[in-house]
Amino acid sequence: DDERDGPKLAAEHATNKLAAAAARAEVASRVTDSEVARAISEMGADADGLSEKAVRAALERKVAFDEFNDPSAIAERARRKLYGRLPFVFDAVRSIFSTAQRRVMEFDQLMDTLVRTNARQSVATDELTDSVRILARVCPEWCEISHGQHADVELFRVVSKNPEIARQARGKLNAMRE
């Protein structure tokens, strides 16, 4: 998610090219000669004029496509996206509570404020809600979600205003991104 607008350094460009080449080599190693031969024989007369290299390339693209669209790969990308956003959600929540000089807020009110403050980033409300709930589950030393005593309302509460605990919680979230 951290993309720069400026030009890339030569080392970054080379690293990206090496990573792409390694990924292609990994996919290529998963397509065997027998699979290529079988695909050519299944095509029959339609394979006339096609080189073995072209058939292998098509099979490699199909393997990569299937792996990319695999439900577990999709779920893993969604999980990484969600956990990658946690430090920013932490900062936004901390800022909201600091600005309001409060320690407790109705969960719905917090979500409304987060949606308004994150308007420039297109984050779905349900993803933002999931992020805040994960934040409370992962950093119980800093915050919690509880039910109100007199109403059927969820409350988000900052448990500790200690800056050191906040730094530790933020560090834990940064570590989860990787």
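In case you missed it, the structure is sitting above this.
It should be emphasised that the depicted structure is a prediction, and the values quoted were computed from it without experimental measurement. (Residues numbered from 1 in each chain as written. Predicted model: local features only at pLDDT ≥ 70, side-chain atom pairs only at ≥ 80, totals over all residues. Heavy atoms only, no water.)

A. Layout of the overall build of the chain. Scanning the chain from terminus to terminus reveals seven helices and three strands. Listing every helix and strand of the chain by position from the N terminus yields α-α-α-α-β-α-α-β-β-α. Every one of the 178 residues in the chain was classed for burial, and the buried ones make up 26%. Considering only residue pairs separated by 6 or more positions, the chain has 55% of its internal contacts joining residues 24 or more positions apart. Of the roughly 12100 Å² of accessible surface on the chain, 53% is carried by carbon and sulfur atoms. (Helix = DSSP H or I, 4+ residues; strand = E, 2+ residues; numbered from the N terminus. Buried < 20%, exposed > 50% of the residue type's maximum accessible area, 1.4 Å probe, protein only. Contact = heavy atoms within 4.5 Å. Areas by Shrake-Rupley, 256 points an atom, 1.4 Å probe, with all protein chains shown as cover.)

B. A look at the sheet that holds strand E2 (residues 143–147). With respect to topology, three strands assemble into an open sheet ordered E1-E3-E2, the strand pairing being antiparallel. One side of each edge strand has no neighbouring strand; the edge strands of this open sheet are strand E1 (104–106) and E2. Strand after strand, the sheet turns through a mean of 25 degrees between neighbouring axes, direction not considered. Across three bridges, the pairing between E1 and strand E3 (residues 154–158) is antiparallel. Within the sheet, the bridge partner assigned to Val-104 lies in E3 and is Arg-157. (Pairing = 2+ DSSP bridges. Axes fitted to C-alpha atoms, helices over the stretch in contact; angles between N-to-C directions.)

C. Representation of the nonpolar core. In this structure, Val-93, Leu-110, Leu-114, Val-132, Leu-135, Trp-142 and Phe-156 are the most contacted members of the largest nonpolar core, which totals 29 residues. Sorting the residues of this core by element identifies helix H4 (71–100), helix H5 (107–117), helix H6 (125–138), E3 and helix H7 (163–176) as the ones contributing at least two each. Of the residues forming this core, the biggest block, nine residues, is contributed by H4. If we ignore the near neighbours within four places in the chain, the residues touching Leu-110 are Val-93, Ile-96, Phe-97, Met-105, Val-132 and Phe-156. (Core = buried A, V, L, I, M, F, W, Y, C linked by side-chain atoms within 4.5 Å.)

D. Summary view of the packing of aromatic side chains. Taken as a whole and judged by the stated rule, the model has two aromatic pairs. Here the aromatic rings of Phe-90 and Trp-142 are separated by 4.5 Å at their centres, their planes lie at 45 degrees, and the arrangement is tilted. Residue Phe-90 is found in helix H4, and its partner Trp-142 is found in the loop between H6 and E2; the two are separated by 52 residues along the sequence. Given the relative accessible area of 1%, Phe-90 is considered buried. Ring geometry for Phe-97 and Phe-156: centres 5.6 Å apart, planes at 35 degrees, overall tilted. In this pair, Phe-97 is assigned in helix H4 and Phe-156 in strand E3, connecting sequence segments 59 residues apart. Judged by its relative accessible area of 0%, Phe-156 is buried. Positioned above the aromatic ring of Phe-68, the side-chain terminus of Arg-77 is 3.8 Å from the ring centre. Over the face of the ring belonging to Tyr-83 we find Arg-79, whose NZ or CZ atom lies 5.4 Å from the ring centre. (Phe/Tyr/Trp six-rings, centres within 6.5 Å; stacked < 30°, edge-to-face > 60°. Lys NZ or Arg CZ within 6 Å of the ring centre and 35° of its normal.)

E. Fine view of the packing of H4 against H6. For the pair H4 and H6, interaxial distance at closest approach is 9 Å and the crossing angle is 80 degrees. Taken together, the axis directions place H4 and H6 in an arrangement best described as roughly perpendicular. Only Glu-127, Leu-128, Asp-130, Ser-131, Val-132, Ile-134, Leu-135 and Arg-137 of H6 make contact with H4, whose side of the interface consists of Lys-81, Leu-82, Tyr-83, Arg-85, Leu-86, Val-89, Phe-90 and Val-93. When its residues are assigned to classes, the contact of H4 with H6 shows ten nonpolar, one polar and five charged. (Parallel < 35°, antiparallel > 145°, perpendicular 65-115°, else oblique. Nonpolar A, V, L, I, M, F, W, Y, C, P; charged D, E, K, R; others polar.)

F. Geometry of H4. Here H4 contains 30 residues, and its C-alpha end-to-end distance of 42 Å stays within 8% of the 44 Å for a straight helix at 1.5 Å per residue. A maximum bend of about 40 degrees is found in H4 at Leu-86, where proline Pro-87 lies one to four positions downstream. Taken together, the buried positions of H4 are occupied by Leu-82, Tyr-83, Gly-84, Arg-85, Leu-86, Pro-87, Val-89, Phe-90, Ala-92, Val-93, Ile-96 and Phe-97. Residues of H4 that are buried in the fold lie against E1, H5, H6, E3 and H7. Directly after H4, the chain includes Gln-101, whose backbone phi takes a positive value near 50 degrees. (Expected span 1.5 Å × (residues − 1). Bend = angle between axes of the 7 residues up to and from the residue.)

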